[in-house]
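Letter by letter, the chains look like this.
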Amino acid sequence: MSFIKSLVAAVALLGTVQAAGVTGTPVGFASGTTGGGNAAAAAPSDITELTKWLGDSTPRTILIDKEFNYLSSQGKCTDCKCCVPDSNTCGSAGQNAIDNSDWCGSYPTTTCTYDKAGLEGITVASNKSIVGVGSEGVIRGKGLLMKNGVSNVIIQNIHITELNPQFIWGGDAITLDGTDKIWIDHVKVSLVGRQMFVSGYESAGKVTISNSEFDGRTSWSSSCDGHHYWTVLGYGKGDHVTFTGNYIHHTSGRSPKLEFANYWHAYNNYWFNNTGHAFDVGENVNAFIEGNVFHQVDTPMLTDSKPGATFAVTTSTQSTCKSAIGRTCSANTLVQSGKISGSDESVLKNWPSGETGINVVEATRVRSSVLSNAGVGKLSSSKRRRDREFPFAPSLPILSSAGPGASAVGPRPTWGWKTVGAQSSATPSATPEPVQSAGFGHGHRHGHGHGGFGGFGWF
Ligand SMILES: *[C@@H]1O[C@H](CO)[C@@H](O)[C@H](O)[C@H]1NC(C)=O
Ligand SMILES: *[C@@H]1O[C@H](CO)[C@@H](O)[C@H](O)[C@H]1NC(C)=O
C-alpha cells in the first residue's frame, strides 16, 4: 500500500498522470495543468446543463459527446447597427462589422441581423476538463471565456464553430483574460466573426496550445479572398505560451499577432495557404520560432512598426541558438512563401524557465505529422502512448529536405522543399497588405460588452 502510494506520488511528481477523460498530458509552459483532475467524466444533456457545469465551482470532466448548439439560445439582434468598413470591398463576400463600442466610427452604417450568443463566450471556471468524444464534440454558436483568475483548464478535442462569421466582432472562439495554466489541445476552430484565439489584456499566464487546427476558410472574408484574417491574437501581458503541432490554414492575417510583453515559443507548426501574414511580433514580445513549416504563406512575418524581439531559427543561426540554450534548435522551412527573419539573441538569453517536456524535431517531419495529428477526432487509444511520449512519431512519413543540414530521407515533394537560408526565386510575388485607414489607432478600450478589442487592427 505504501509502495503504491509512493509510486503514485512519484508519478505525480513526474507530471505524467492523465486527468480523467483526457488523453495525454501537456508539454511546455502549461505542463502540470490537470483540469478537472480525477473528477468522473460525465456528459451534460443540453446547453443549459453544459453552461452550468462549465461555470460552477466544482472540478469537472465534461464530455462533449455531440453537438451543443447555442444558436438562437439568446435570441437574435435584428435590424441592428452595423457598418461597412473600408476592408469590405467585396460586398456579401466580405465582413461587415457589428458596431461594437462605436468601433464603426464614420464608416457607412448598415443594418444587420446576428446571433447574440456568439458575442460572448461561455464562462468557464477553474479546474475543468472539457473533452470531446471521438469526432463528435462540437460547440456551435458560442465560444469559451476564461477570465478573472480562472486557472487549470484543459480543452481537448472539440470543434468551436459558427460565431457570426459574417461580422467582425461576431464572436471569439477562445478568450483568456487573467488566467493561468490553460491547455488547449486538438481543438478545431472555424467560422468565427473575430478571433479564433485571443488573450489579453490581463495575463493569460502559462498556456500551451497544441495539435489544434485553425481553419480560416470562410465565405465572409475581411481580406475578400475566402480567407479569415482574425486568427490568433496574443495580447496578454506576461503570457507564457507554447504553440506547437498546430495546423493554421487558409488565413490571411494575425496568425498570430503578438504584443505586450509576452513570450511565445512556436515550434513544429504547419502554416498552409495564408494570403496575408502569419507572425506580427509587436512591442516587447519575445518570439522564439523554430522548426515550423510555412507553405504558401505570403508574408510569414510582417514588419511591425514597433517590433518586439524575435529569434526565428535558420540553418545559419542554429549554432547560435545551441550555444545559448544548450540544445540543437530546429530551422524553419519556407516553401513557396515569403521570408522570416529575426536573430535577436536576447530572446534566448531571457527565455523563462518552466517550458518542460518539449521535444523539437526537424521541420522535415512536421507537415505530415501535423496533417495526421492536428484537430478533432485524431485521438485514439492506439495513438495515446505515442502522442504523449513522442508527439512526432518516427513511423510517420518523412519528407526530404533540399536544404542544408537535412538528414531525413524519403521522396522529395514535387512543390520543392527548402529550409530558410536556401530561399529560391520561386517565392510568389507578394499581394499588397490591406491598407490601414486613419481614425482607429492603437488604444486600449476596456469595458465593452464582450471583452473584444475595439480600435485595434488594420482598419
Ligand atoms: C482548483 O483546485 C485547486 C486544487 O485542488 C484548489 O486549490 C482551488 O481552490 C480550486 N479552484 C477553484 C476555483 O475551485
Ligand atoms: C490557396 O488559396 C488560394 C487563394 O485563396 C486559392 O485560390 C487556392 O485554391 C488555395 N489552395 C488550396 C490548396 O486550398
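Conventions used here
- Residues numbered from 1 in each chain as written.
- Chains lettered and ligands numbered in written order.
- Predicted model: local features only at pLDDT ≥ 70, side-chain atom pairs only at ≥ 80, totals over all residues.
- Heavy atoms only, no water.
- UniProt positions renumbered as here; feature names shortened; annotations may be inferred.
- Pairing = 2+ DSSP bridges.
- Helix = DSSP H or I, 4+ residues; strand = E, 2+ residues; numbered from the N terminus.
- Salt bridge = Lys/Arg side-chain N within 4 Å of Asp/Glu carboxyl O.
- Near = heavy atom within 4 Å.
- Polar contact = N/O pair within 3.5 Å; in protein donor to acceptor, adjacent residues only side chain to side chain.
- Areas by Shrake-Rupley, 256 points an atom, 1.4 Å probe, with all protein chains shown as cover.
- Nonpolar A, V, L, I, M, F, W, Y, C, P; charged D, E, K, R; others polar.

The protein carries the name pectin lyase in an unreviewed UniProt entry, which gives Penicillium salamii as its organism. Looking at the protein in UniProt, the text filed under Subcellular location (unreviewed entry) is "Secreted". The annotation that UniProt attaches to the protein under Sequence similarities (unreviewed entry) is "Belongs to the polysaccharide lyase 1 family."

Student: When you look at the sheet that holds strand β5 (residues 96-98) in this model, what are you seeing that I'm missing?
Tutor: Within the open sheet, the four strands sit side by side as β6-β4-β5-β12. Their pairing is mixed. Edge positions in the sheet fall to β6 (109-115) and β12 (167-168), since each of these pairs with one other strand and no more. Sheet analysis places β5 next to β12, joined by two bridges and oriented parallel. Looking across to β12, one finds that A97 is bridged to I168.

Student: What should I look at first to understand the pattern of salt bridges in this one?
Tutor: Oppositely charged side chains can pair when the atoms bearing their charge come close. All told, the structure shown has 13 salt bridges when counted by the stated rule. Ionic pairing is found between R60 and D56, a salt bridge with its closest N-O pair at 2.6 Å. Close ionic contact of E213 with K188 constitutes a salt bridge, the shortest N to O distance being 4.0 Å. In this pair, E213 sits in strand β17 (residues 213-215) while K188 sits in strand β14 (residues 188-192), placing the two residues 25 residues apart along the sequence.

Student: Got a minute to help me understand the site of ligand 2 in this structure?
Tutor: In the vicinity of ligand 2, the contacting residues are D225, H227, H250, F272, N273 and T275. H227 is positioned with one of its side-chain polar atoms (N or O) 2.7 Å from an oxygen atom of ligand 2. The side chain of N273 places a nitrogen or oxygen atom 2.6 Å from an oxygen atom of ligand 2. Burial of ligand 2 by the protein amounts to 41% of the accessible area it has alone, namely 360 Å². Its residues assigned to classes, the shell around ligand 2 comprises one nonpolar, four polar and one charged.

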